[in-house]
Amino acid sequence: MQENTAFEQSSGMKRDNIEAVRDQLLQLRTLFLAINSADKVPEMAVSPFIRRDGGLYIYTSHLSPHVRQLIDQGEATCMLCADEGDSQNIWARNRLKFSVKAYEIARDDRNFDELCNNFTLAHGPTMNLIRNFTDFHMIRLTPQKGVLVLGFAKAFIVSGANFDITAHISKA
């Protein structure tokens, strides 16, 4: 029998239950992004995404200022958040917030067409319409570290592309 980890002991939750909620959040179809403008003003966005090969991918237009900032800065903070209607307590919605490194996938990259096809499969035929719009960019977001919140006193540090749970946050 495997011994409980320190985060299981301090949170009172089993690893399987924590990972199951994390994995539900990773099945969402859109993510929120926060990027600082050049003037240090936060820019917010929401975008459909796909998850593949240790990264999350978004396809979005540089006509939006946040996209230009994301490409220029190469980093952002993202959040996946459970629907309000599915939350037991609106004050403690399940959510996964994490920092990312971002870089653009060039249109001539060998993976670009396959990524576009994956977007079509995941999000429907709109991708076929916008696929050749030159203002749109395929951006890979590589997760670094973050926090998984599952309720009051149920916050966990996560790390890496698999959002591995590394610790329970039990002190400020």
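The shown structure was predicted, so the numbers you read here are calculated from the model rather than taken from an experiment.

1. Focus: the overall build of the chain
- The secondary structure content of the chain amounts to 5 helices and 9 strands.
- Against the globule reference of 16 Å for 172 residues, the chain gives a C-alpha radius of gyration of 17 Å, in line with a compact fold.
- Dimensions of the chain, computed from the C-alpha atoms along their principal axes, are close to 50 × 40 × 30 Å.
- Taking all 172 residues of the chain together, the buried fraction comes to 42%.

2. Section: the nonpolar core
- The biggest cluster of nonpolar side chains holds 31 residues, and the ones touching the most others in it are Leu31, Leu33, Leu70, Leu96, Leu141 and Leu148.
- At the level of elements, helix 2 (15–26), strand 1 (30–36), strand 4 (55–61), helix 3 (65–73), strand 5 (75–81), strand 6 (95–105), strand 7 (136–149) and strand 8 (155–159) are the ones that each hand at least two residues to this core.
- Leave out the neighbours within four places in its chain, and Leu70 touches Leu33, Ile35, Ile58, Glu75, Ala76, Ala102, Ile139 and Leu141.
- Ile105, Leu115, Phe119 and Met127 belong to the second largest nonpolar core, which has 12 residues in total.

3. A few points about the pattern of salt bridges
- For the structure on display, the rule yields 7 salt bridges.
- Across the salt bridge formed by Lys101 and Glu75, the nearest N and O atoms sit 3.5 Å from each other. Note that Lys101 is positioned in strand 6 and Glu75 in strand 5, a separation of 26 residues in sequence.
- The partly exposed category is assigned to Glu75, whose relative accessible area is 40%.
- Residue Arg93 is joined to Glu84 by a salt bridge in which the shortest nitrogen-to-oxygen separation is 3.6 Å.
- The exposed category is assigned to Glu84, whose relative accessible area is 52%.
- A cluster of three or more residues bridged by salt bridges with shared partners is formed by Arg52, Asp53 and Glu114.

4. Describing the pairing of strand 1
- Burial along strand 1 is one-sided: the face carrying Leu31, Leu33 and Ile35 is buried and the face carrying Thr30, Phe32, Ala34 and Asn36 is not.
- Both strand 1 and strand 2 (residues 42–48) contribute to a ladder of 7 bridges, which runs antiparallel. Each bridged residue has a counterpart across the sheet, and for Thr30 the counterpart in strand 2 is Pro48.
- Where strand 1 hands over to strand 2, the hairpin turn is made up of 5 residues, of which Lys40 adopts a positive phi near 65°.
- Pairing analysis gives 3 bridges linking strand 1 to strand 5, with the strands arranged antiparallel. For Ala34, the partnering residue across the bridge sits in strand 5 and is Thr77.

Parameters at a glance
The residue numbers shown here count from 1 along each chain, following its written sequence. Where local features are concerned, this predicted model is filtered to residues with pLDDT of at least 70; where side-chain atom pairs are given and counted, the filter is 80 or more; whole-chain, interface and lining totals use all residues. Only hydrogens and water are removed before side-chain values are computed, so all heavy atoms of the structure are retained for them. Secondary structure counts use DSSP, requiring at least four H or I residues in a row for a helix and at least two E residues in a row for a strand, with both numbered from the N terminus. We compute the radius of gyration over the C-alpha atoms and compare it with the globule rule, which gives 2.2 Å times the number of residues raised to the power 0.38. Three exposure classes are used, based on accessible area relative to the maximum for each residue type with a 1.4 Å probe and protein chains only: buried under 20%, partly exposed in between, and exposed over 50%. Here, nonpolar core refers to any group of buried Ala, Val, Leu, Ile, Met, Phe, Trp, Tyr and Cys residues whose side-chain atoms link them within 4.5 Å. When checking whether two residues touch, look at their non-hydrogen atoms; a contact exists if any pair is within 4.5 Å. What counts as a salt bridge is simple: a side-chain nitrogen of Lys or Arg found within 4 Å of a carboxyl oxygen of Asp or Glu. Paired strands are those between which DSSP finds at least two bridges.

Shape descriptors only; they carry no functional weight alone.
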